[in-house]
Amino acid sequence: KNKKKKKTASARDLPLGEIEFWKERCATMSDIKRQIDDESVQRIQTVLRAARSTYLTPFLEWSSGIADGMAQAESNSKFLAVLRTPCEQLATADLHGIPALLPRLLDLVRMVWLHAPYYNSSKVISALLQKISSAIIARCCACISLDDFFDGDFDACAVTLQESINCCVSWRDVYRLRKKCHETLSSKPWQLTEKSIFAQTDAFVQRCTDLLEVCAAQRQFARRSGRGRLPVPCFGGTKGPEMQTAVMGIASSFDKALDSLRQIRGSLLDVKAGAWHDAHAHFKAHVKELEVLYQSIIKSGFDKIATIQDGLELLDVFNLLAPRDIIRRTLDRCNDQVFAMFAQLLESTKSS
């Protein structure tokens, strides 16, 4: 029973759930109105009226409320029905196709807002737009593969995360453009609280951004690419085996840090779940430690070079292992070190 209630609440959080709610409410109210209008009920009212029963007035008030409720349900159901097709398209669209669906969808919402006699308050329209935000997030979550994120096509998952960000940003851009147009051209003001409409999408954009940072860390420390891992290049010189072992150790340590996110996989994309914040903070702290360790390995490697050739070979190896900016900057300084050695050699050659 509790699961059924949870499922119903979740469906109502989406625009298609709102459309279905008013459709079902219309059917329910029509059924009740049909029973009230039944001949046998009318006869009972006649008897109550003749007997001057105290039950008659409350019943008539309730009947009037049913009639009003039916009129509201019929109207809301009729107006919201125009949103069904674009909302169904949104629920099944590819992520790159979602931005193109949003202008028409928002135009239809504005039409409902302007013309529906019951569904026209700022409160209900804000709630409806929040449901569209939830629908965009739901579609993005359905397209993001956590299997790929942790163990599969890593690059494809990164692309999907970026497309999800683009969808949410496009939704806000379309909203602001339509708002500006209607504030300029429409007699009815566009008085909605933007922050409440986009609170969930803003949080989801931040979550996707954080996950893209995790992807970047996987490229750096786990050497992930596509569906596999890049092999550890061979380091030359007497310190080569030691540096190779150190790089492999970093990858192993990173995998353990990634496990803290794997353990909350079920709520990884749920911006309302609190487990993410502690797990992500732990992961980021571990990554900071690995960055320091990685920079230390690079510096120690270049401290031992005796020739320009050794330096160039080491640069070649670390260039393959340094996609992360902070690691790249350390490598750039080592590149300057090798260049200085070359400049010094040129100077000594000129002098001789």
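The structure presented is a predicted model; accordingly, all values stated were derived computationally and were not measured. (Residues numbered from 1 in each chain as written. Predicted model: local features only at pLDDT ≥ 70, side-chain atom pairs only at ≥ 80, totals over all residues. Heavy atoms only, no water.)

## Observations regarding the overall build of the chain
Piece 1. The helix and strand inventory of the chain stands at 14 helices and two strands.
Piece 2. Here the C-alpha atoms of the chain give a radius of gyration of 32 Å, more than 25% beyond the 20 Å that 2.2 N^0.38 yields for 352 residues.
Piece 3. Evaluated residue by residue, the chain yields a buried proportion of 41% over its 352 residues.
Piece 4. In the chain, of all internal contacts separated by at least 6 residues, the share reaching a separation of at least 24 is 75%.
Piece 5. Total accessible area on the chain stands at roughly 19500 Å², and carbon and sulfur atoms take up 55% of it.
Piece 6. Charge-centre separation for the chain: the mean point of 48 positive side chains lies 6 Å from the mean point of 41 negative side chains. (Helix = DSSP H or I, 4+ residues; strand = E, 2+ residues; numbered from the N terminus. Rg over C-alpha atoms; globule rule 2.2 N^0.38 Å. Buried < 20%, exposed > 50% of the residue type's maximum accessible area, 1.4 Å probe, protein only. Contact = heavy atoms within 4.5 Å. Areas by Shrake-Rupley, 256 points an atom, 1.4 Å probe, with all protein chains shown as cover. Lys, Arg positive; Asp, Glu negative; His and termini not counted. Charge placed at Lys NZ, Arg CZ, Asp CG, Glu CD.)

## Section: the pattern of salt bridges
Piece 1. The tally for this structure, following the rule as stated, stands at 12 salt bridges.
Piece 2. Among the salt bridges present, the one from R84 reaches E20, with a minimum N-O distance of 2.7 Å. Taken together, the positions of R84 in helix α5 (residues 84-92) and E20 in helix α2 (residues 15-36) put the pair 64 residues apart, joining distant regions of the chain.
Piece 3. For R84, a relative accessible area of 22% puts it in the partly exposed group.
Piece 4. Here E194 makes a salt bridge to R172, at a shortest N to O gap of 2.6 Å. Within this pair, whereas E194 is found in helix α10 (residues 194-221), its partner R172 is found in helix α9 (residues 154-185), the two being separated by 22 residues in sequence. Accessibility assignment for this pair places E194 and R172 in one class, buried. (Salt bridge = Lys/Arg side-chain N within 4 Å of Asp/Glu carboxyl O.)

## Some details on the packing of aromatic side chains
Piece 1. One pass over the structure, following the stated rule, counts 10 aromatic pairs.
Piece 2. Chaining the aromatic ring pairs together yields one cluster made of W113, W171, Y175, W190 and F198.
Piece 3. When the ring centre of W113 is taken as reference, the NZ or CZ atom of R110 above it lies at 4.6 Å. (Phe/Tyr/Trp six-rings, centres within 6.5 Å; stacked < 30°, edge-to-face > 60°. Lys NZ or Arg CZ within 6 Å of the ring centre and 35° of its normal.)

## Remarks on helix α3 (residues 39-50)
Piece 1. In this model, α3 (12 residues) spans 17 Å end to end at C-alpha, consistent with the 16 Å of a helix rising 1.5 Å per residue.
Piece 2. Of the residues flanking the end of α3, it is R52, one or two places downstream, whose phi is positive at about 50 degrees. (Expected span 1.5 Å × (residues − 1).)

## Observations regarding helix α13 (residues 308-319)
An α-helical turn contains 3.6 residues, so any two residues separated by three or four positions project in the same direction.
Piece 1. With 12 residues, α13 should reach 16 Å at 1.5 Å per residue; the first-to-last C-alpha distance of 16 Å fits that figure.
Piece 2. Buried within α13 we find I308, G311, L314, L315, V317 and F318.
Piece 3. Check the buried side of α13 and you find it contacts α11 (240-262), α12 (275-303) and α14 (325-351).

## Things to note about the environment of Y294
Piece 1. With respect to the helices and strands, Y294 occurs in helix α12.
Piece 2. Along the backbone, Y294 and A322 are 28 residues apart, and their C-alpha atoms lie at a distance of 9.4 Å.
Piece 3. Apart from the residues lying within four places of it in its own chain, the contact partners of Y294 are Q220, F221, V247, I250, F318, L321 and I327.

## What to know about the packing of α11 against α12
Piece 1. Between α11 and α12, the least distance of the axes is 9 Å, while the angle of their chain directions is 175 degrees. The pairing of α11 with α12 is recorded here as roughly antiparallel in orientation. Listed contacts from α12 to M243, A246, V247, I250, S253, F254, A257, L258, S260 and L261 of α11 are W276, A279, H280, H282, F283, H286, V287, L290, L293, Y294, I297 and G301.
Piece 2. Each residue belonging to the contact of α11 with α12 can be placed in one class, and the counts come to 16 nonpolar, six polar and no charged. (Axes fitted to C-alpha atoms, helices over the stretch in contact; angles between N-to-C directions. Parallel < 35°, antiparallel > 145°, perpendicular 65-115°, else oblique. Nonpolar A, V, L, I, M, F, W, Y, C, P; charged D, E, K, R; others polar.)

## Digging into the state of the cysteines
Note on terminology: disulfide describes a covalent bond linking the sulfur atoms of two cysteines.
Piece 1. Here the structure, examined in full by the defined rule, presents zero disulfides.
Piece 2. Left unpaired, C141 is separated from the closest cysteine sulfur, that of C140, by 6.9 Å.
Piece 3. The cysteine C215 is free of any disulfide, with C157 supplying the nearest cysteine sulfur at 5.4 Å. (Disulfide = S-S within 2.5 Å.)

## Notes on the confidence of the model for the chain
Piece 1. Across the chain, the average pLDDT comes to 87, with 96% of residues at 70 or higher.
Piece 2. Counted against residues more than four places away or in other chains, residues 1-9, with its pLDDT under 50, gives zero contacts. (pLDDT = per-residue confidence, 0-100.)

## Quick word on the nonpolar core
Piece 1. Core analysis: the largest hydrophobic core is formed by 94 residues, its most contacted members being L129, F302 and F318.
Piece 2. When near neighbours in sequence (up to four residues on either side) are disregarded, F318 contacts F235, M243, Y294, I297, I298, F302 and L331. (Core = buried A, V, L, I, M, F, W, Y, C linked by side-chain atoms within 4.5 Å.)

## Points about a nonpolar patch on the surface
Piece 1. A cluster of nonpolar side chains, contributed by F339, F342, L345 and L346, occupies part of the molecular surface with about 410 Å² of accessible area.
Piece 2. Counting through the fold element by element, F342 comes out in helix α14.
Piece 3. For F342, a relative accessible area of 40% translates into the label partly exposed. (Patch = residues over 30% accessible without salt bridge, like charges linked within 9 Å, V, L, I, M, F, W, Y side chains within 5 Å.)

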